[in-house]
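# Chain and residue survey
The chain contents come next:
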Amino acid sequence: MTLTGWTCQDDCRYLCMWITVGLYLAEGYRVPQFHGKWPFTRFLCFEEPVSALASLLNGLACLVMLIRYRSAVPRQSPMYYTCCAFSMVSLNAWFWSMVFHTRDTYLTEKMDYFCASAVILYSVYLCCVRTKGATGMGITLLPPHPLSPLPALSPSVPPPRHPLSRTLGLQRPDLSSCFGVLLILMFASHVSYLTFVNFDYGYNMAANTAIGIINLLWWLAWCYGNRRTLPYWWKCAAVVLLLHGLALLELLDFPPLLWVLDAHAIWHLSTVPVHFLFYSFLIDDSLHLLNTQKRGLKLD
């Protein structure tokens, strides 16, 4: 208990909370909330044991699939480092989620919220990198092999249409980098306001919801635009729809079942399998881009 920051005062508050709950129930009242949270039965040092376990499982699923991604995708793939960085951001978020549900403090609460916002923003950046640009820009034909029977194309012949040629973030890394800097500035402003001005729960929820909707619509638009060229597009569509649909479980605000299982814990538990489908999409997409290069196209 001491290792996780529990003090005698904290333990007193915990015991008084349950005395209050008992009095409420004895008089026929509903279970009260304390500082906006339902009462949970503490297990060892875990304030919300099921939510902490669910966060751990999500982190482990993310780690396992990151290892599988790195073993299946060569580093030469254009999206390799971008996807690996996204995994590290996600792992960091699930770590702080586990810490927060283990011990709710001023620091752990903010780290949980801020790291969750970082994952959403990075997902938007990931979509920007894979979005479509102008056809025919950003690729050049590799020189033909001396023994190749095919004649070399003259400069006047336009390059062929190809999915890689329409990938804005890969053909114009300067634009995607500028967009990434913009997202970092937005994130820094968001964190600064909540840290130094006012930690407004309503504003934080509204900001994350707005970015989440942008993320949802952008990815769905990407899936729709690639539905005829990429056979694995449905994996991405299923992931974004599942994640945003499962987030609606948060609206089911009810007292914890057996004093450990609430809507938030159910939401976290339900997202564990989604990691496997999402990384399956990342592997397919990264290998597709790599094979595109090997077939005779390269990025500028």
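Residues numbered from 1 in each chain as written. Predicted model: local features only at pLDDT ≥ 70, side-chain atom pairs only at ≥ 80, totals over all residues. Heavy atoms only, no water.

The name given to the protein in an unreviewed UniProt entry is Post-GPI attachment to proteins factor 3, with Polyodon spathula as the source organism.

### Here's the deal with the nonpolar core
If you look at the biggest cluster of nonpolar residues, it comprises 42 residues, and the most contacted ones within it are Tyr 69, Leu 126, Trp 219, Trp 222, Phe 278, Phe 281 and Leu 282. Sorting the residues of this core by element identifies helix H2 (49-72), helix H3 (80-102), helix H4 (106-129), helix H7 (201-225), helix H8 (233-246) and helix H10 (274-294) as the ones contributing at least two each. Residue contributions to this core peak at nine residues, all from H4. Among all residues touching Phe 278, those that are not within four sequence positions of it are Phe 86, Leu 126 and Val 239. (Core = buried A, V, L, I, M, F, W, Y, C linked by side-chain atoms within 4.5 Å. Buried < 20%, exposed > 50% of the residue type's maximum accessible area, 1.4 Å probe, protein only. Helix = DSSP H or I, 4+ residues; strand = E, 2+ residues; numbered from the N terminus. Contact = heavy atoms within 4.5 Å.)

### Digging into the pattern of salt bridges
Enumeration according to the criterion identifies three salt bridges in this entry. Across the pair Arg 103 and Glu 47 runs a salt bridge, and its minimum N-O distance is 2.9 Å. Taken as a pair, Arg 103 in the loop between H3 and H4 and Glu 47 in the loop between helix H1 (8-26) and H2 lie far apart in primary sequence, 56 residues in all. Each member of the pair, Arg 103 as well as Glu 47, carries the same accessibility label: buried. A salt bridge links Lys 235 to Asp 284; the nearest nitrogen and oxygen atoms lie 2.6 Å apart. You can see Lys 235 sitting in helix H8 and its partner Asp 284 sitting in helix H10, a full 49 residues away along the chain. On the basis of relative accessible area, Lys 235 is assigned to the buried category, the value being 13%. (Salt bridge = Lys/Arg side-chain N within 4 Å of Asp/Glu carboxyl O.)

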